[in-house]
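Listed below, chain by chain, are the residues.
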Amino acid sequence: MRYVEVDGFRASAIGLGTWQFGSREWGYGETYARTVAPAIVRRAFELGITFLDTAEMYGFGRSERIVGGAIHDRPADVIVATKLLPLLPLPAITAWRGRASRNRLGVDAIDLYQLHFPNPIVPPRTTMRGMRSLLEDGVIRRVGVSNYSLRGWRVAERALGRPVVSDQVQFSLAHPSPRWDLVPYARERGRVVIAYSPLAQGLLAGGVDDAAVPGRSGAMARRRNPLALERNRRRARPLLVALDEVARAHDARPAQVALAWVISHGNVIAIPGARTIEQLEENAAAADIDLSESERERLSREAERLETALGV
Ligand SMILES: NC(=O)c1ccc[n+]([C@@H]2O[C@H](COP(=O)([O-])OP(=O)(O)OC[C@H]3O[C@@H](n4cnc5c(N)ncnc54)[C@H](OP(=O)(O)O)[C@@H]3O)[C@@H](O)[C@H]2O)c1
């Protein structure tokens, strides 16, 4: 495993996303929620994964409860991150919601508390007043944001008056743009970009020869993903071919190369979700793949071409 370290914050470069845990959008069912998901968390610890991401929104709190039930004897260095659903992030509401998440997780303090997305109406200084009081009361240890532009991230930091340690954004070979602004900022300032949907919700994972995409496991979550459309998969073909070829050169799977590319940027933690323990193991092992400069350049070039073609 490889680790990202900034200013007292240390986490595995491959983390674990848990939107899948108990949420209808992924439709993995009850056995998954009750037995597979907790087993995935325990196996993640054995593999050296020290970053777990959840949100109060996932399964209406069920993901937090499942994570909470599986982390009692977690290694001391594990970071548990969750997110506030900021529909009305007034200080009193934020204080109450933060405590509710902490209770569902069953932790003394939430290691990283993130605003799930910017609220267009409530000003950052009001939102951050609530986050600051959670920090001061010891309910949370650090503040992060999610789906923020670089400008929004900076404004949030000014409003908090302390570092906002991370911005969690969509970042993958199908959505490479954070490498131009958020990643350089994180590297310069000792912050972290947390890459969500790093496998484009699984749609990059099979490389070119993925006959089952987009219907695999019928997940609603990815129905709106541009890559689920046949015409866009055709546009993605040069990228998927590159993924396959680079994967073959490393005796690896396309999913692993897709993750290796994301974390190769430095100050980036990728948080793939997993349906099975095997997927988790494969994803964790991606941290050990070193891409050559020419492989990185080829993947980046194809990723940018695809992003331009998709216009997203
Ligand atoms: N902040 C936000 O707004 C936001 C938004 C989205 C997600 N997130 C976070 O980011 C996490 C990850 O994003 P995501 O779940 O959207 O997408 P993702 O991690 O790109 O894709 C996860 C899916 O890919 C497939 N997969 C995973 N590993 C694989 C492997 N090794 N080989 C083949 N297929 C594999 C699985 O689906 P199948 O097996 O069913 O194909 C899995 O459910 C979430 O769990 C959540 O914590 C945050």
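Description of the structure in this document. (Residues numbered from 1 in each chain as written. Predicted model: local features only at pLDDT ≥ 70, side-chain atom pairs only at ≥ 80, totals over all residues.)

**Details of the overall build of the protein chain**
Working step 1: Helix and strand counts for the protein chain stand at eleven helices and ten strands.
Working step 2: Relative to the 2.2 N^0.38 estimate, which gives 20 Å for 312 residues, the radius of gyration of the protein chain is 19 Å and therefore close to what a compact globule would have.
Working step 3: Counting only residues that meet the buried cut, the protein chain has 48% of its 312 residues in that class.
Working step 4: Contacts spanning at least 24 positions in sequence make up 77% of the contacts within the protein chain whose residues lie at least 6 apart. (Helix = DSSP H or I, 4+ residues; strand = E, 2+ residues; numbered from the N terminus. Rg over C-alpha atoms; globule rule 2.2 N^0.38 Å. Buried ≥ 20, exposed ≤ 12 C-beta atoms within 10 Å, placed from the backbone. Contact = placed C-beta atoms within 7 Å.)

**With respect to the nonpolar core**
Working step 1: Membership of the largest hydrophobic core comes to 91 residues, with the highest contact counts inside it found for V193, A195, A258, I269 and A270.
Working step 2: Considering every element that reaches this core, the biggest residue donor is helix α9 (residues 254–263), with eight residues. (Core = buried A, V, L, I, M, F, W, Y, C linked by C-beta atoms within 7 Å.)

**Some thoughts on the site of the ligand**
Working step 1: If you check the shell around the ligand, you find 29 residues, and the closest are G17, Y196, L199, G202 and G273.
Working step 2: In terms of residue count, helix α10 (residues 277–285) provides more of the shell around the ligand than any other element does, three residues in total.
Working step 3: Residues belonging to the shell around the ligand are distributed by class as follows: eleven nonpolar, 14 polar and four charged. (Near = placed C-beta within 6 Å. Nonpolar A, V, L, I, M, F, W, Y, C, P; charged D, E, K, R; others polar.)

**A word on helix α1 (residues 29–46)**
Working step 1: Relative to the 26 Å expected for 18 residues at 1.5 Å per residue, α1 spans 25 Å between its end C-alpha atoms, a close match to the ideal helical length.
Working step 2: When the local axis directions of α1 are compared, the greatest deviation, roughly 40°, occurs at V36, which is followed within four positions by the proline P38.
Working step 3: Along α1, the residues that are buried comprise A33, A37, I40, V41 and A44.
Working step 4: Buried residues in α1 make contact with β3 (16–17), β4 (51–53), α2 (62–70) and α10. (Expected span 1.5 Å × (residues − 1). Bend = angle between axes of the 7 residues up to and from the residue.)

**Points about the pairing of strand β7 (residues 143–146)**
Working step 1: Along β7, one buried face is formed by V143 and V145 and the opposite face, lined by G144 and S146, is buried too.
Working step 2: With three bridges connecting them, strand β6 (residues 112–115) and β7 associate as parallel partners. Bridged to Y113 within β7 is V143.
Working step 3: Crossover β6 to β7 through helix α4 (residues 124–136) is right-handed.
Working step 4: Summarising the sheet, β7 and strand β8 (residues 166–170) pair through three bridges and their orientation is parallel. Its bridge partner lying in β8, V145 is registered against D167. (Pairing = 2+ DSSP bridges. Right-handed = clockwise from strand over helix to strand, strands pointing away.)

**Some details on the environment of V241**
Working step 1: Examined against the element boundaries, V241 turns out to sit in helix α8 (residues 237–249).
Working step 2: Taking the C-alpha atoms as reference points, V241 and E302, 61 residues apart in sequence, are found 9.7 Å from one another.

**Considerations on unusual backbone geometry**
Working step 1: In the Ramachandran plot, A200 falls in the positive-phi region, its phi being about 50° despite a non-glycine side chain.
Working step 2: Residue placement: A200 occurs in the loop between β9 (192–196) and α7 (230–235).
Working step 3: Assessed through the 20 C-beta atoms surrounding it within 10 Å, A200 is described here as buried.

**What about the sheet that holds β7?**
Working step 1: Here we have eight strands laid out as an open sheet, ordered β3-β4-β5-β6-β7-β8-β9-β10, and parallel in their pairing. Looking at which strands have only one partner, the edges of the open sheet turn out to be β3 and β10 (268–270).
Working step 2: In terms of strand pairing, β9 meets β10 through three bridges, oriented parallel. Considered in β10, the bridge of V193 is made with V268.

**A word on the environment of K83**
Working step 1: Position of K83 relative to the elements: it lies in strand β5 (residues 79–84).
Working step 2: Here K83 falls in the buried class, since 25 other C-beta atoms lie within 10 Å of it.
Working step 3: In this structure the C-alpha to C-alpha distance between K83 and H265, which are 182 residues apart in sequence, comes to 24 Å.
Working step 4: What K83 contacts, discounting residues up to four positions off in sequence, is A55, E56, M57, Q114, H116 and S146.

**Considering the packing of α4 against helix α5 (residues 150–160)**
Working step 1: Between α4 and α5, the shortest axis-to-axis distance is 8 Å and the interhelical angle comes to 55°. Here α4 lies oblique to α5, going by the angle between them. Here the hand of the crossing between α4 and α5 comes out right-handed. Contact residues: P124, R125, M128, M131 and R132 in α4; V155, A156, A159 and L160 in α5. (Axes fitted to C-alpha atoms, helices over the stretch in contact; angles between N-to-C directions. Parallel < 35°, antiparallel > 145°, perpendicular 65-115°, else oblique. Left-handed = near helix turned anticlockwise from the far one by under 90°.)

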